[in-house]
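Each chain, letter by letter, is given below.
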Amino acid sequence: MVEDLKKGALLPAIVIGAVLDDKEFALLPSLGSDGPGEFLPKDRSLLSIIDGMQRTAALIEAVKENNDVANQVVRVEFWLTDNVRAMIYRMLILNTGQVPWTISRQLSVVFAPLLEEIERNVPDLDKVSSPDRPGRRVGAAQYSSDDLVEMYIAFSLRKTAVDTKEAISDEFSRLDFVDNLADSTFQDQFYAALSMLSRLDKLFAGYPGDSETPAGRFVFDRQPARIGFIVAVGISVLGRPGADRTSIERVERMAKLEKAQEGLSSKLSVADEVVLHDFLRLDVLREVLDKKVGQVGRYERSVFSEAFKVLVDEDFELANLEPCWRAS
């Protein structure tokens, strides 16, 4: 491709996607013709190349080898939307069949707008760390950008053993992702699930621990617990893979779960340390996790997946979490 460009070849259009806010998006039909700068977001980091990554890399390489390539015409198309769900959907459709593209690589293309939309729609998050904003978890509801992307994938695929290197060309994974993104309620349901996780994280963190029992933050300090909760909610709301619920059923189920969790939140928000200690039963959880196994990460994901499945199936109406920790 580089040699073709140096010989004057004209490549297919590169497609650049941008997520605009509602006001900017509503103005699009009446915009003038002053060029892309008129409608593109001022923060260029929010732009995403949703089709043409290899062509862009080839262009850069060709210009390095021959400056005359910089004077050639390049066709660029802009795909504008007011939500990141639509852009991810469009990207997956455009890149269908490109075997080297993994789920994580495709999502990394829309990394900035996805994280920006997550932070805007999940106010319960206290902090999101990323390569540009490094930091470690020092309190509840603080997650890394990589962990959030993994939770996003796990929620859609409804699998705890998410391999972010898994090829998106895998037929079932791709179909599950595309089908979910085609549902206009999907993105809001993920944000709701993430909000539920963040609220539980904060409530559990209210227990400071003692000499024999770890602090409540112990539960969601680990990614397997977050994945287990997100997948349990995902299965309950979206349905099991291959047995998807309708859009109406999903909305109704999520509303029911949020209301059920509010009941538990109300109970725990006024609980003292003694009540929290009795409810969390962290001594039981620690004993379960201390079991000697070959693959610790996989074992912990299994433990928390079964645990939070019990919590969700019981609509958060449990006297304590011991039945959850003993479910695996």
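Below or above, wherever it landed, is the structure these notes cover. (Residues numbered from 1 in each chain as written. Predicted model: local features only at pLDDT ≥ 70, side-chain atom pairs only at ≥ 80, totals over all residues. Heavy atoms only, no water.)

### Focus on the sheet that holds strand β3 (residues 76-81)
Piece 1. With respect to topology, 3 strands assemble into an open sheet ordered β2-β1-β3, the strand pairing being mixed. Single-partner strands in this sheet number two, and they are β2 (47-51) and β3. Looking at each pair of strands side by side, their axes are set apart by 35 degrees on average, direction ignored.
Piece 2. In this structure, strand β1 (residues 14-19) lies alongside β2, joined through 4 bridges in antiparallel fashion. Bridge pairing in β2 places I16 opposite I49.
Piece 3. In the packing of helix α3 (residues 53-65) onto the sheet, the strands contacted are β1 and β2, and the crossing angle to β2 comes to about 110 degrees. (Pairing = 2+ DSSP bridges. Helix = DSSP H or I, 4+ residues; strand = E, 2+ residues; numbered from the N terminus. Axes fitted to C-alpha atoms, helices over the stretch in contact; angles between N-to-C directions. Contact = heavy atoms within 4.5 Å.)

### Comments concerning unusual backbone geometry
Piece 1. One non-glycine residue, A141, lies in the positive phi region at around 60 degrees.
Piece 2. You can see A141 is positioned in the loop between β4 (127-129) and β5 (142-144).
Piece 3. One non-glycine residue, R158, lies in positive phi territory at about 60 degrees.
Piece 4. Among the structural elements, R158 can be located in the loop between α7 (145-157) and α8 (171-182).
Piece 5. Accessibility expressed as a relative area gives 5% for R158, which makes it buried. (Buried < 20%, exposed > 50% of the residue type's maximum accessible area, 1.4 Å probe, protein only.)

### Comments concerning a negative patch on the surface
Piece 1. The grouping of D210, E212, D272, E273, D283, E287 and D290 at the surface amounts to a negative patch.
Piece 2. On the secondary structure map, E273 appears in helix α12 (residues 273-280).
Piece 3. E273 sits in the partly exposed class, given a relative accessible area of 49%. (Patch = residues over 30% accessible without salt bridge, like charges linked within 9 Å, V, L, I, M, F, W, Y side chains within 5 Å. Areas by Shrake-Rupley, 256 points an atom, 1.4 Å probe, with all protein chains shown as cover. Salt bridge = Lys/Arg side-chain N within 4 Å of Asp/Glu carboxyl O. Lys, Arg positive; Asp, Glu negative; His and termini not counted. Charge placed at Lys NZ, Arg CZ, Asp CG, Glu CD.)

### Digging into α7
Piece 1. For α7, with 13 residues, the first-to-last C-alpha span of 19 Å sits near the 18 Å given by 1.5 Å per residue.
Piece 2. Within α7, 12 of the 13 residues are buried, which leaves the element mostly enclosed by the surrounding structure.
Piece 3. All buried positions along α7 are accounted for by S145, D147, L148, V149, E150, M151, Y152, I153, A154, F155, S156 and L157.
Piece 4. Backbone geometry just after α7 places R158 at a positive phi near 60 degrees. (Expected span 1.5 Å × (residues − 1).)

Function-wise, these values are silent; they only describe arrangement.
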